[in-house]
Amino acid sequence: MGDGRDAGDDTVASGDTGAAGAPEDTARRLRAVCGELSTRFFERDDVVRTLVVTLLAGQHSLVLGPPGTAKSELARELTGRIDGAAYWEILLSKFTAPTRMFGPIDVAALARGEYRQVYDGRATTAHVAFIDEIFKCSTAALNETLGYLNERIYHPENGGPPIRCPLIGAITASNELPGGEDSAAIYDRLLVRIEVGYLEDPSNFAALVRSAVGRPAEPAPRTTLELAALQRAVGEGVPAVDVPDAIVDAVVTLRAALRRKELVASDRRWRQAVALLQASAYLDGRAAVAETDLSVLTHVLWDSPAQRPVVEREVLNLVNPDAREALDLADVIEELEAQLDAMAGQSREALSEWVIKNAHHKLAMAGKRLERLREEAAGAGRSTAAIDRVTGRQRAVRARVLTEALGVDASMVPTQL
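Residues numbered from 1 in each chain as written. Predicted model: local features only at pLDDT ≥ 70, side-chain atom pairs only at ≥ 80, totals over all residues. Heavy atoms only, no water.

Visitor: Kindly report on the pattern of salt bridges, identifying the contributing residues and their values.
Guide: Throughout the structure, instances matching the rule amount to 32 salt bridges. For the salt bridge of Glu36 with Arg81, the shortest nitrogen-to-oxygen distance reads 2.5 Å. On the criterion of sequence distance, the pair formed by Glu36 in helix H1 (residues 23-40) and Arg81 in the loop between helix H3 (71-79) and strand S2 (82-83) is long-range, its members being 45 residues apart. For Arg81, a relative accessible area of 5% puts it in the buried group. For Lys136, the salt bridge identified is with Glu176, shortest N-O distance 3.3 Å. On the criterion of sequence distance, the pair formed by Lys136 in the loop between strand S4 (128-132) and helix H6 (139-151) and Glu176 in the loop between strand S7 (169-174) and helix H7 (181-189) is long-range, its members being 40 residues apart. Judged by relative accessible area, which is 43%, Glu176 ranks as partly exposed. Among the charged side chains, a network of salt bridges with common partners joins Glu36, Arg40, Glu73, Glu77, Arg81 and Arg222. (Salt bridge = Lys/Arg side-chain N within 4 Å of Asp/Glu carboxyl O. Helix = DSSP H or I, 4+ residues; strand = E, 2+ residues; numbered from the N terminus. Buried < 20%, exposed > 50% of the residue type's maximum accessible area, 1.4 Å probe, protein only.)

Here is the structure:
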């Protein structure tokens, strides 16, 4: 969610000594962009990093979630940090004509007997595209959209030679999964799939509310990088990152583990995922892929959201013991919430007794353990995304327990029960 702050000066922080466009400078700037956007968009750290990694890999992403979760705002703000990049966005419907996406007919030329399209400001000239409600793509526009995503080409209406599009990557969004064969074909071309929801942590929600009524904040730091630097990273820097044999072995192991659970991804998807691993390492300033980079595969290897937790557990079994324990704690937290739901309508006395005997101790212990796990993971340089997500759930369930079972205002109580 955006916090409503205005962007400040388009410069990197003082003390910047890196050569503009050098690989280490590009990676450093992108890390700074991730940090700034994560501060602005609550509970979106992993989303921001994954979108940046996907762009670096030259791939497309799907942000899946309900309306009002800042999907388009995040895409605009990210692209706005790339100086010189052309940005294009559209909200699709079943009636969207291909010419509206790729270039309307030049009416003046048509009056002279010439059939031409105007491409400026359309998908055909964009470096980054945001396509909202992607699965509502019209049948008429389907083939051109697939060609645009697959090969970065557009076939003009007049039958002229294909137009090469400068697209680095498309960020797409939807409130729902694809419902037919046509939309499923597009879904298959979106390598990265990210789920977003409404804010979980009550403190973040309170901060969001305050940002809507508070005084304008001081301009925040706003790091940018040149389009040419990003293009060099995509075309040269990321492909140059080494993939050690140990990582190949880990990927083979992961594939076998998922197949045992009847989760099968295509060979093409696995091959494309290698670029994501390289992009993750590049973003962190490393010359070779490490085990921690495998975490990005949690956004690649599922087809339905119900499969994502299974994929996440298998990935974390390989790379992140801290997050694996956090997911076990998540099961405890979800069980407590289910118990709270089942007790709806019971007396305050019964609810209070349940809190004292069950919820209080389990939620408090989960919160403390999650805090320690995060400290250990951060100290070891491992991803904290899964831990942070579970922590958000712990705080959300805690807030429900305080409010619904005890009648206490959760915002007035310290983080731990």
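After that view of the structure, there is still more to cover.
Visitor: Residue-level account of H7, with values.
Guide: Taken together, the buried positions of H7 are Ser183, Ile186 and Tyr187. Buried residues in H7, looked at end-on, bunch into an arc of 105°, giving them a common side. (Arc of directions from axis to C-beta.)

Visitor: Go over the packing of aromatic side chains with me, naming the residues and quoting the values.
Guide: Aromatic ring pairs are described here by two measures, namely the spacing of the ring centres and the angle between the planes. This model, assessed by the stated rule, comprises four aromatic pairs. Here Phe102 and Tyr148 contribute two aromatic rings whose centre-to-centre distance is 5.5 Å and whose plane-to-plane angle is 75°, an arrangement assigned as edge-to-face. Pair noted here: Phe102 is in helix H4 (residues 98-102) and Tyr148 is in helix H6, with a separation of 46 residues, a long-range link. Note on Tyr119 and Tyr154: the rings are 6.2 Å apart at their centroids and 75° apart in plane angle, and the pair reads as edge-to-face. Taken together, the residues Tyr119 in the loop between helix H5 (107-111) and S4 and Tyr154 in strand S5 (residues 153-154) connect sequence positions 35 residues apart. A connected cluster of aromatic rings, assembled from ring pairs, spans Phe102, Tyr119, Tyr148 and Tyr154. (Phe/Tyr/Trp six-rings, centres within 6.5 Å; stacked < 30°, edge-to-face > 60°.)

Visitor: Can you break down the sheet that holds strand S1 (residues 61-64) residue by residue, with the values?
Guide: The sheet built from five strands is open, its strands ordered S3-S4-S7-S1-S8 with parallel pairing. A single partner strand is all that each edge strand has here, and the edge strands are strand S3 (87-91) and strand S8 (192-195). Across the sheet, the mean angle from the axis of one strand to that of its neighbour is 15°, orientation sign disregarded. Of the pairings in the sheet, the one linking S4 to S7 comprises five bridges and is parallel in character. Paired with Val128 across the two strands is Gly169, which belongs to S7. (Pairing = 2+ DSSP bridges. Axes fitted to C-alpha atoms, helices over the stretch in contact; angles between N-to-C directions.)

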